[in-house]
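# Descriptive structure summary
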Amino acid sequence: MNNLQYRYLKISDGQFATFEENYDPSNGVGFQNSVSFSYDYENNILVCSETITFLQSEKIILKLGLNSHFLIHPDSVKLLMHEGVLCLSKEILWQFASLNYGSMRGVLYERTKETELNSLILPPFFFDELIKDSIRFVKKAE
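What comes next concerns the included structure. The structure displayed is predicted, hence computed values, not measured ones.

What follows deals with the sheet that holds strand 6 (residues 85-88). The three strands lie next to each other as 5-6-7, forming an open sheet whose pairing is antiparallel. Strand pairing shows two members of the sheet lacking a second neighbour, strand 5 (81-82) and strand 7 (135-138), which therefore form its edges. Alignment of strand 5 against strand 6, held across two bridges, turns out to be antiparallel. Bridging across to strand 6, Met81 finds its partner in Leu86.

Here you go:
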């Protein structure tokens, strides 16, 4: 769908924790990413929740969670709706996850300012490696 209309509604913190005592700047850092989605039928809001974990020697050095809330235009919702089920292709999900991931870069920078962990960099991430399938959101019966 090339004409999906949406806008950021808000960005909210998920979790944030640092463990600077586990960090050794002379060693490499590992990285894990998880992403999930939820949908609010009443308000046409898609939420992308993502958690990034930086690891070193199997110890967590930083964990960052962020939730991006997207308001989907009603005309776009109609195009995505099939027999009462909202269907989001994996390509659409990649777009929302990428937007959230980009926002996480700024949060990571701001939250680690003036700490040793500010040298951590979110590497490029291709969501086609993580999100393999489309999602169908079924409206709960009232």
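Turning next to the side chain of Gln56. Along the polypeptide, Gln56 turns up in strand 3 (residues 45-56). Residue Gln56 is classed as buried on the basis of its relative accessible area of 3%. Other than its neighbours up to four places away in sequence, Gln56 contacts Asn22, Tyr23, Asp24, Asn27, Gly28, Val29 and Ile61.

Evaluated as defined, the whole model comprises 11 aromatic pairs. A centroid spacing of 5.9 Å and a plane angle of 35° characterise the contact between Tyr101 and Phe125, whose relative ring orientation is tilted. Separated by 24 residues along the polypeptide, Tyr101 in helix 2 (residues 90-112) and Phe125 in the loop between helix 2 and strand 7 bring together distant segments of the chain. Residue classification places Tyr101 among the buried positions, given a relative accessible area of 4%. Here Phe125 falls in the partly exposed class, since its relative accessible area comes to 22%. Among the aromatic side chains, those forming a connected cluster through ring pairs are Phe31, Phe54, Tyr101, Phe125 and Phe127.

Let us now look at the pattern of salt bridges. Here the structure, examined in full by the defined rule, presents two salt bridges. Salt-bridge contacts for Asp13 lead to Arg111; the nearest nitrogen and oxygen are separated by 2.5 Å. With Asp13 in strand 1 (residues 6-18) and Arg111 in helix 2, this pair connects stretches of sequence that are 98 residues apart. On the basis of relative accessibility, which here comes to 47%, the residue Asp13 falls in the partly exposed class. Glu110 serves as the salt-bridge partner of Lys113, at 3.1 Å between the closest nitrogen and oxygen.

So, on to the sheet that holds strand 1. An order of 1-4-3-2 is seen for the four strands of this open sheet, with the pairing classed as antiparallel. Only two strands of the sheet have a single partner each, and these edge strands are strand 1 and strand 2 (30-40). On average, adjacent strands in this sheet sit at an angle of 15° to one another, irrespective of strand direction. Here 12 bridges tie strand 3 to strand 4 (residues 59-72), and the two strands are oriented antiparallel to one another. When the sheet's bridge partners are listed, Thr51 is paired in strand 4 with Gly65. Sheet contacts for helix 2: strand 1, strand 2, strand 3 and strand 4; angle to strand 4, the most-contacted strand, approximately 130°.

As a further point, take the environment of Trp94. Its place among the elements puts Trp94 in helix 2. Spatially, the C-alpha atoms of Trp94 and Glu58 are 28 Å apart, while their sequence positions differ by 36 residues. When near neighbours in sequence (up to four residues on either side) are disregarded, Trp94 contacts Phe127, Asp128 and Ile131. For Trp94, the side chain forms a polar contact with the main-chain oxygen of Ile131, separated by 3.0 Å.

Conventions and cut-offs
- Residue numbering note: each chain is counted from 1, following its sequence as written.
- Whole-chain, interface and lining totals are the exception, using all residues; otherwise, since this is a predicted model, local features are given only for residues with pLDDT of at least 70 and side-chain atom pairs are given and counted only at 80 or more.
- To obtain the side-chain values, all non-hydrogen atoms of the structure were included, while hydrogens and water were left out.
- For two strands to count as paired, DSSP must find a minimum of two bridges between them.
- By the criteria applied, helices consist of DSSP H or I runs no shorter than four residues and strands consist of E runs no shorter than two, each listed in order from the N terminus.
- Burial classes follow relative accessibility: with a 1.4 Å probe on protein chains only, a residue under 20% of its type's maximum area counts as buried, one over 50% as exposed, and anything between as partly exposed.
- Only heavy atoms enter the contact rule, under which two residues are in contact if any of them lie within 4.5 Å.
- Any pair of Phe, Tyr and Trp rings, taking the six-membered ring for Trp, is counted once the centres come within 6.5 Å. Such a pair is stacked with planes under 30 degrees apart, edge-to-face with planes over 60 apart, and tilted for the rest.
- What makes a salt bridge here is a side-chain nitrogen of Lys or Arg within 4 Å of a carboxyl oxygen of Asp or Glu, nothing more.
- Axis lines are fitted through C-alpha atoms, for helices just across the contact stretch, and the angle between N-to-C directions can take any value from 0 to 180 degrees.
- Counting of polar contacts relies on pairs of N or O atoms within 3.5 Å, with two restrictions inside protein: one atom must be capable of donating a hydrogen and the other of accepting it, and residues adjacent in sequence are counted only when both atoms are side-chain atoms.

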